[in-house]
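This is what each chain is made of:
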Amino acid sequence: MKSFEFLLPDRISKPRDSGLTMVLDKGLGLKNAESLMEISGEYVDLLKFGWGTSILHDKDLIKDKVKMYQSFNIKAFTGGTLFELACLNNKIDEVFEESKSIGFDAIEISNGSIDMGEDDKLSFIKEAKNNGFFVLSEVGKKNITKDKSISLDERIDSIKEEINAGSDLVIMEGRESGKSIGIYDDTGEVKLDVVNAIIDKIDVNNILWEAPNKNQQVNLVLNIGQNVNLGNISTTDITSVESIRRGLRGDTVGKV
């Protein structure tokens with residue numbers, strides 16, 4: 001039982017289909033990660049091993065971390081950069097096999113840093129689903145110039161096609177900076193006209209918005225709702241994001 005629980009606004013309990021929080025693990029040690037989940041694991045739904053970091057650390061340690069996260073009912077997955085590296089090296093099948101051997105139950109398919117045709121991407125999404133993974137795909141480019149060249153209609157069409165191909169969640173690229181990419185302007189503010197245009201055409205529960213910064217998290221919660229899916233959350237911000245969702249912060253108190 002939590003202290004002051006009688007003041008705590010309701011929240012959908014895990015496993016959730018909406019109100020998902022995806023956290024970015026940049027290389028936590030097992031003990032630190034476990035301690036963090038003991039206090040905040042109920043607020044985390046998805047855990048991304050950022051970039052290609054699962055290559056850099058001992059395989060048995062990664063296995064132990066994946067198993068630990070899963071014990072808290074959290075889906076663990078590899079960052080999209082790892083898959084893009086596999087694509088460049090023609091090692092897709094090997095990555096699927098290695099991911100299974102490690103215990104990953106989810107995988108991210110992206111083309112944010114490489115030139116991968118949309119048809120190839122859709123094929124990889126289908127292949128990942130056939131391999132039994134929970135699939136997250138990502139729309140957007142990490143290069144600012146390339147991302148700005150994607151029209152709103154093209155972005156919406158890509159989301160629809162990837163959902164139809166079997167993607168369980170489509171991630172809207174926001175990078176760690178949350179600036180000048182996708183739904184964010186050059187100062188990191190949310191472009192609400194773009195957000196509203198997207199959710200007018202797509203079920204919002206199928207979208208996970210990368211929102212690394214507090215102002216973005218607040219804006220999306222206030223404009224989409226408490227149960228908006230948020231990603232690229234720092235391990236140090238898990239409780240902060242949950243407090244925003246619950247209306248426990250000055251920005252959202254009495255508003256959600």
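In case you missed it, the structure is sitting above this.
Below is a summary of the structure that appears in this document. All values derive from a computational prediction rather than experimental measurement.

### Considerations on a nonpolar patch on the surface
Stage number 1. A cluster of nonpolar side chains, I55, L56, L85 and L88, forms an exposed patch at the surface whose accessible area comes to about 430 Å².
Stage number 2. Looking at the nonpolar patch, the elements that each hand over two or more residues are α2 (53-56) and α4 (80-88).
Stage number 3. By the secondary structure assignment, L88 is in helix α4.

### A closer look at helix α9 (residues 192-201)
Stage number 1. If you check which residues of α9 are buried, you get V194, V195 and I198. Seen along its axis, α9 keeps its buried residues to an arc of 100°; they face one direction. Residues of α9 that are exposed and angled more than 90 degrees away from the buried face: D193 and D200.
Stage number 2. On its buried face, α9 is in contact with α8 (152-165), β6 (169-172), β7 (207-210) and α10 (214-224).

### Observations regarding the environment of S151
Stage number 1. Tracing the chain through its elements places S151 in the loop between α7 (144-148) and α8.
Stage number 2. Classification of S151 as partly exposed rests on a relative accessible area of 32%.
Stage number 3. Put simply, S151 and E38 are 113 residues apart on the chain and 43 Å apart in space, counted from C-alpha to C-alpha.

### Some remarks on the nonpolar core
Stage number 1. Membership of the largest hydrophobic core comes to 40 residues, with the highest contact counts inside it found for I183, I198, W209 and L220.
Stage number 2. No other element matches helix α3 (residues 59-71), which puts 4 residues into this core.
Stage number 3. Setting aside chain neighbours within four positions, we find W209 in contact with M172, I183, V195, I198, I199, V204, L220, I224, V228, N229, L230 and G231.
Stage number 4. Counting residues in each nonpolar core, the second largest holds 16 residues, with I114, L122, A128 and F133 among its members.

### Remarks on α4
Given 3.6 residues to a turn, an α-helix orients residues that are three or four positions apart in the same direction.
Stage number 1. Regarding α4, the residues found buried are G80, L82, F83, E84 and A86.
Stage number 2. One or two positions beyond α4, positive phi appears at N90, with a value near 55°.

### Topic: the pairing of strand β2 (residues 46-49)
Stage number 1. The side-chain alternation of β2 yields two buried faces, one formed by L46 and K48 and the other by L47 and F49.
Stage number 2. Handedness of the crossover is the feature at issue here: the chain leaves strand β1 (residues 21-25), passes through helix α1 (residues 30-40), returns alongside β2, and the resulting connection is right-handed.
Stage number 3. Sheet topology places β2 next to strand β3 (residues 75-78); 4 bridges connect them, and they run parallel. When the bridges of β3 are listed, L47 appears paired with A76.

### Here we look at the sheet that holds strand β5 (residues 134-139)
Stage number 1. The strand order around the closed barrel formed by 8 strands is β1-β2-β3-β4-β5-β6-β7-β8, and the pairing between neighbours is parallel. Sheet twist, expressed as the mean angle between neighbouring strand axes with direction ignored, is 30°.
Stage number 2. Here strand β4 (residues 106-109) runs beside β5; their pairing, made up of 4 bridges, is parallel. Bridging from a neighbouring strand, A106 pairs with F134 of β5.
Stage number 3. Packing against the sheet, α3 makes contact with β1, β2 and β3, and its axis sits at approximately 165° to β2.

Rules behind the numbers
Residues numbered from 1 in each chain as written. Predicted model: local features only at pLDDT ≥ 70, side-chain atom pairs only at ≥ 80, totals over all residues. Heavy atoms only, no water. Patch = residues over 30% accessible without salt bridge, like charges linked within 9 Å, V, L, I, M, F, W, Y side chains within 5 Å. Areas by Shrake-Rupley, 256 points an atom, 1.4 Å probe, with all protein chains shown as cover. Salt bridge = Lys/Arg side-chain N within 4 Å of Asp/Glu carboxyl O. Helix = DSSP H or I, 4+ residues; strand = E, 2+ residues; numbered from the N terminus. Buried < 20%, exposed > 50% of the residue type's maximum accessible area, 1.4 Å probe, protein only. Arc of directions from axis to C-beta. Contact = heavy atoms within 4.5 Å. Core = buried A, V, L, I, M, F, W, Y, C linked by side-chain atoms within 4.5 Å. Right-handed = clockwise from strand over helix to strand, strands pointing away. Pairing = 2+ DSSP bridges. Axes fitted to C-alpha atoms, helices over the stretch in contact; angles between N-to-C directions.

Don't take any of this as a statement about function, it's just geometry.
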